[in-house]
Amino acid sequence: KELKSYAKTEFKAKSSELFESLKAFVIANSATMERWLKLFSLGIITQEEITWLMKGKKDLLEMELLKLSGISLVEAEKARDAVLEIIIKSALSLI
């Protein structure tokens, strides 16, 4: 729900296409990121390791946003950060 609202607000002209792409990204990556957060909460991986793992997902998301929307790098970075915040907040609520 938060992703759909974000896509509509930030990218009105392409919101449905962008929402579907963001939704697919979240579905494809949420289990992995939840697993990383659980490992971190249990002390199995360090903050440095989870930061490195999340940065990889962050870079993938940014490339996907640039490719799909034709937006500027600054807009893609803003969108990437907002989407990752939504994902992390959702994943942490499950732990």
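With respect to the side chain of Asn29
With respect to the helices and strands, the residue Asn29 is situated in helix 2 (residues 15-41). A residue is classified by how much of its surface remains accessible, and Asn29, at 9% relative accessible area, is buried. Within the local environment of Asn29, its side chain forms a polar contact with the side chain of Lys57, the two groups lying 2.5 Å apart.

What to know about the pattern of salt bridges
For the coordinates displayed, the defined rule picks out 1 salt bridge. Taking the shortest distance from any N to any O, the salt bridge between Lys55 and Asp59 comes out at 3.1 Å. You can see Lys55 and its partner Asp59 sitting in helix 3 (residues 47-69), 4 residues apart, about one turn around the helix. Judged by relative accessible area, which is 31%, Asp59 ranks as partly exposed.

Looking at the nonpolar core
Counting 17 residues, the largest nonpolar core has Trp36, Ile50, Leu61, Leu65 and Ile87 as the members making the most contacts within it. If you list the elements that add at least two residues to this core, you get helix 2, helix 3 and helix 4 (73-94). Ignoring sequence-local partners within four residues, the contact set of Trp36 consists of Ile45, Ile50, Leu53, Met54 and Lys57.

Cut-offs applied
Residues numbered from 1 in each chain as written. Predicted model: local features only at pLDDT ≥ 70, side-chain atom pairs only at ≥ 80, totals over all residues. Heavy atoms only, no water. Helix = DSSP H or I, 4+ residues; strand = E, 2+ residues; numbered from the N terminus. Buried < 20%, exposed > 50% of the residue type's maximum accessible area, 1.4 Å probe, protein only. Polar contact = N/O pair within 3.5 Å; in protein donor to acceptor, adjacent residues only side chain to side chain. Salt bridge = Lys/Arg side-chain N within 4 Å of Asp/Glu carboxyl O. Core = buried A, V, L, I, M, F, W, Y, C linked by side-chain atoms within 4.5 Å. Contact = heavy atoms within 4.5 Å.

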